[in-house]
Amino acid sequence: MASYNRVILAGNLTRDPELRYTPKGTAVAKIGMAINRVWKNEAGESKEEVTFVDVEAWGRQAEVIGQYMKKGRPFLVEGRLKLDQWEDKNTHQKVSKLKVVLETFSFIDSKGGDGGGTPSEAPRARSAAPAAAAAPAAPESDGPPPEEDDVPF
């Protein structure tokens, strides 16, 4: 049986990213996102619902997100769903939580805002493996050209 687990979300950060490191030194960022949906009901009234999603990023991507993202900034995430399950220490009941494990992301805006990056500072990160410590990709076209040292010829 075939299976496919892919999520694409665009929303705003509900809090500043929480950046921590594992004992082996791997960066982990926990991010909260709010995704708004606006529609009109049968009476023509405008309705809105907000979905809150927890996102987890690993490696170099976590560090970049921790450096450039702040509460309220728009953000695009691609990743996979993961169900965490554990037993509550106090009630001894099973608890579960669905989250998104980030695989790729894009900064939606390039404004400085609340201490966020400027267009030349905000790289666009893409990586196939969430735990891979990949260096951020080159800045988008409105940034400065790559440094001469980066050119292989």
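The structure under discussion appears in the preceding block.
Asks: Go over the overall build of the chain, please, and point to the residues and values.
Replies: In terms of regular secondary structure, the chain is built from 1 helix and 6 strands. Beginning at the N terminus, the succession of helices and strands in the chain can be written as β-β-β-β-α-β-β. Out of the 153 residues belonging to the chain, those deemed buried represent 31%. Expressed as a percentage of contacts within the chain between residues at least 6 apart in sequence, the contacts between residues at least 24 apart total 56%. Carbon and sulfur atoms make up 51% of the accessible area of the chain, which totals about 10,200 Å².

Asks: So what's going on with a nonpolar patch on the surface? Which residues, and what values?
Replies: Together, Leu81, Leu83 and Leu98 give the surface a local cluster of nonpolar side chains, amounting to about 280 Å² of exposed area. Tracing the backbone shows leucine 98 in strand 6 (residues 94-107).

Asks: Outline the pairing of strand 3 (residues 27-40), listing residues and values.
Replies: Of the pairings in the sheet, the one linking strand 1 (residues 7-13) to strand 3 comprises 2 bridges and is antiparallel in character. What sits directly across from asparagine 12, in strand 3, is alanine 34. The hairpin turn running from strand 2 (residues 18-21) into strand 3, its antiparallel successor, is 5 residues long, and glycine 25 in that turn takes a positive phi close to 95 degrees. Taken together, the 13 bridges between strand 3 and strand 4 (residues 46-58) define a ladder with antiparallel strand orientation.

Asks: Describe the nonpolar core, listing the residues and the values that go with them.
Replies: With 22 residues, the main nonpolar core has Ile31, Met33, Val55, Ile65, Phe75 and Leu102 as its most contacted residues. For this core, the element with the most residues is strand 3, which contributes 5 residues. Not counting chain neighbours up to four residues away, the residues in contact with valine 55 comprise Ala29, Lys30, Ile31, Met33, Val77, Val100 and Leu102.

Asks: Can you break down the packing of aromatic side chains residue by residue, with the values?
Replies: Enumeration according to the criterion identifies 4 aromatic pairs in this entry. Considering the side-chain rings of phenylalanine 75 and phenylalanine 107, the 6.2 Å spacing of their centres and the 40 degrees angle between planes classify their relative orientation as tilted. Of this pair, phenylalanine 75 sits in strand 5 (residues 74-87) while phenylalanine 107 is found in strand 6, placing the two residues 32 residues apart along the sequence. Taken as a pair, phenylalanine 75 and phenylalanine 107 share a single burial class, namely buried.

Asks: Give me the lowdown on the pattern of salt bridges, citing residues and values where you can.
Replies: Two side chains that carry opposite charge are able to pair once their charged atoms sit near each other. In this structure the tally under the stated criterion is 12 salt bridges. The partner of arginine 6 in a salt bridge is glutamate 103, with the nearest N and O atoms 2.5 Å apart. Within this pair, whereas arginine 6 is found in the segment before strand 1, its partner glutamate 103 is found in strand 6, the two being separated by 97 residues in sequence. Given the relative accessible area of 36%, arginine 6 is considered partly exposed. Here arginine 80 and glutamate 103 are joined by a salt bridge, their closest N and O atoms 3.5 Å apart. Taken together, the positions of arginine 80 in strand 5 and glutamate 103 in strand 6 put the pair 23 residues apart, joining distant regions of the chain. Within this structure, Arg6, Glu78, Arg80 and Glu103 form a network of salt bridges that share partners.

Calculation criteria
Residues numbered from 1 in each chain as written. Predicted model: local features only at pLDDT ≥ 70, side-chain atom pairs only at ≥ 80, totals over all residues. Heavy atoms only, no water. Helix = DSSP H or I, 4+ residues; strand = E, 2+ residues; numbered from the N terminus. Buried < 20%, exposed > 50% of the residue type's maximum accessible area, 1.4 Å probe, protein only. Contact = heavy atoms within 4.5 Å. Areas by Shrake-Rupley, 256 points an atom, 1.4 Å probe, with all protein chains shown as cover. Patch = residues over 30% accessible without salt bridge, like charges linked within 9 Å, V, L, I, M, F, W, Y side chains within 5 Å. Salt bridge = Lys/Arg side-chain N within 4 Å of Asp/Glu carboxyl O. Pairing = 2+ DSSP bridges. Core = buried A, V, L, I, M, F, W, Y, C linked by side-chain atoms within 4.5 Å. Phe/Tyr/Trp six-rings, centres within 6.5 Å; stacked < 30°, edge-to-face > 60°.

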